[in-house]
Amino acid sequence: MSAVAQGALLPTYPETRVTFVSGDGVQLTGADGRRYLDFAAGIAVVGLGHRHPAPLAAAHAQLDRLWHASNLFGTEPVSALAAILSDRFGGAQAFFCNSGTEANEAAIKYARKATGKSGVIALEQSFHGRTTGALAVTGQPAKRAAFEPLFDDVRFVAPNDVDALRAAMSGDVGLVLLEPVLGEGGVIPLDPAFVAAARELDALLALDEVQTGVGRTGTFFAFEQLGVAPDLVTLAKGLANGLPIGCLLVADHALGAFVPGDHGSTFGGNPVSCAAAVAVCETIDEELLAGVRANGARLLAGLASLPHVVEARGRGLLVGAHLDVPAGPVVDAALDAGLVTLTSGANVLRLAPPLVVDAAAVDHALEILTEVLSA
Ligand SMILES: *Cc1c(COP(=O)(O)O)cnc(C)c1O
C-alpha cells in the first residue's frame with residue numbers, strides 16, 4: 001500500500017495510507033478496488049453505516065428542496081430535529097452548529113452566562129475540541145502546549161477520582177464538563193458514582209456526548225445508563241450519519257441564559273444536515289439499540305482474550321482494547337489486513353463500527369485482529 005500524496009494539504013494529520021471512494025453498510029472500498037471492513041465509522045460518525053437508506057433519502061429530498069436559509073428564518077428540518085431531540089432528552093431546547101467543538105464552545109459560553117462564573121472542572125485525558133476554548137478544557141497537555149496561554153480557569157481531575165473532583169470545587173466554578181466515556185483519552189467509562197458526585201456540586205453539569213451520543217453506547221444518550229439528569233448535553237459525531245452538524249441541548253430546568261445576540265452560527269442548523277439527522281433519530285429504535293448492546297458485549301468479550309490485550313473496556317459499540325504494545329502499528333497492520341480501526345491514546349486500540357454491525361462482522365473483525373496481534 002503506497003502513501004497518498006497530500007501535497008496541497010496542511011499536514012495536521014499523518015500521511016494517509018488509503019483513499020476511500022465508496023461505502024456500503026459496514027464496508028468501505030478503496031481507490032484500488034479493495035474492500036475493507038469498517039470498524040472506525042469515520043471516528044464514530046457513520047452510525048447507521050454508509051449509504052443507509054433513511055438519511056440518504058432524507059438528505060436527497062432536502063437537497064432538491066432547500067439548501068440554506070440562515071437562522072434568521074425557520075426551516076422545517078431544524079424545527080423537526082429540535083422537537084425530536086427535546087423529546088428524547090425529556091425536555092430541552094437546542095442550538096445547532098457544525099461540529100462537536102462548536103457545540104462545546106456553546107456549552108462553555110452558556111454556563112458562563114448562566115452562572116456568572118468562569119471556572120471549569122474537566123478531566124485529565126479528556127477531549128473536547130481544537131478551538132481555543134474547547135482546547136482549554138481538553139485534559140491532554142500535549143495538544144495544548146504549543147497554543148498556550150489559553151483561558152486558564154480550568155481544573156483537571158483524574159477520571160473517576162471522586163475525592164479529587166470534590167477537592168477541585170470552589171465558589172468560582174460554574175461548569176463541570178465530562179465525557180460519559182472518554183473517547184479520545186483511552187476509552188475510559190465514567191463510574192455512575194463519579195458522575196453522581198459531579199451532579200451534587202453547585203455548578204452546571206455538561207456532558208460531552210459528541211462521541212457517546214446518538215446510540216453509540218447502547219442507549220440514545222449515554223447518560224441514560226448513568227442515572228443522572230445533566231443540565232447541558234453536546235452532540236455531533238453520529239447525529240447526521242456523516243453530514244456536518246453539532247448541537248447543544250439545554251435542559252428545560254436550566255433554560256433562560258441565552259437571548260438573541262448571545263450566540264450564533266451561519267451554517268448551524270443546515271437543512272440538509274438536519275433532515276438527515278431527523279432520519280437518523282427516527283431509525284434509532286429500541287431494536288437497533290439492543291443490537292448495539294449485544295454486539296458491543298460480543299466484541300468486548302472477544303477482545304479480552306486476544307494476545308497483547310491487557311484490558312477490554314467500553315460501553316455499547318465504543319470499545320477499547322488496552323494493549324501492552326503501542327496501538328498505532330496495530331491499526332496500520334489491521335488496515336493492511338482489511339480492517340479499519342482507530343487508536344485512543346498511545347496504547348489503546350479503539351473500535352467504533354457502525355451501530356448496524358452484526359455478529360458475523362464482529363467475529364470477522366476479531367479474526368483479523370487475532371491474526372494481527374499474533375504476528
Ligand atoms: C470528536 C470530539 C469532539 C470534537 O468534535 P469535532 O466535530 O471534531 O469538532 C469533541 N468532544 C468529543 C468527546 C469528541 O469525541
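Residues numbered from 1 in each chain as written. Predicted model: local features only at pLDDT ≥ 70, side-chain atom pairs only at ≥ 80, totals over all residues. Heavy atoms only, no water.

A.B. asks: I keep staring at the site of the ligand and nothing clicks. Help me out?
C.D. replies: Ser99, Gly100, Thr101, Asn104, Phe127, His128, Glu179, Glu184, Asp208, Val210, Gln211 and Lys237 make up every residue found near the ligand. For the ligand, a nitrogen atom lies 2.8 Å from a polar atom in the side chain of Asp208. Measuring from an oxygen atom of the ligand, one finds a side-chain N or O atom of Gln211 at 2.7 Å. Within the complex, the protein chains bury 81% of what would otherwise be the 380 Å² of accessible surface of the ligand. By residue number, the principal contributor to the shell around the ligand is helix α4 (residues 100-115), which donates three residues. The class makeup of the residues in the shell around the ligand is two nonpolar, six polar and four charged. (Near = heavy atom within 4 Å. Polar contact = N/O pair within 3.5 Å; in protein donor to acceptor, adjacent residues only side chain to side chain. Areas by Shrake-Rupley, 256 points an atom, 1.4 Å probe, with all protein chains shown as cover. Helix = DSSP H or I, 4+ residues; strand = E, 2+ residues; numbered from the N terminus. Nonpolar A, V, L, I, M, F, W, Y, C, P; charged D, E, K, R; others polar.)

A.B. asks: Mind showing me how you'd approach the packing of helix α11 (residues 327-336) against helix α12 (residues 359-374) here?
C.D. replies: Relative placement of two packed helices is described by the angle separating their axes and the distance separating the axes. Two elements in contact, α11 and α12, have axes whose closest approach is 10 Å; the angle formed by their N-to-C orientations is 125°. The orientation of α11 relative to α12 falls into the category oblique. α12 is crossed by α11, and the crossing has right-handed handedness. On the side of α11, the interface is formed by Val330, Ala333 and Ala334, while α12 contributes Leu369, Val372 and Leu373. Counted by class, the contact of α11 with α12 contains six nonpolar, no polar and no charged residues. (Axes fitted to C-alpha atoms, helices over the stretch in contact; angles between N-to-C directions. Parallel < 35°, antiparallel > 145°, perpendicular 65-115°, else oblique. Left-handed = near helix turned anticlockwise from the far one by under 90°. Contact = heavy atoms within 4.5 Å.)

A.B. asks: What is the right way to look at the domain arrangement of the chain in this model?
C.D. replies: In many analyses, interface size is given as the accessible surface area lost on bringing the parts together. Here the domain parsing of the chain yields domain 1 (3-51 + 286-374) and domain 2 (53-283). Listed per partner, the contact involves 29 residues of domain 1 and 28 residues of domain 2. Summed over both partners, the interface of domain 1 with domain 2 buries about 2,200 Å², with 58% contributed by carbon and sulfur atoms. Taken together, the connections running from domain 1 to domain 2 amount to one salt bridge. Ionic pairing is found between Arg350 and Glu184, a salt bridge with its closest N-O pair at 2.9 Å. Among the elements of the structure, α1 (41-44), α10 (286-304), β13 (309-315), β14 (318-323) and β17 (348-351) are those that each provide at least two residues to the side of domain 1 that touches domain 2. (Domains from an automatic or database assignment. Buried area = accessible area lost by both parts, 1.4 Å probe. Salt bridge = Lys/Arg side-chain N within 4 Å of Asp/Glu carboxyl O.)

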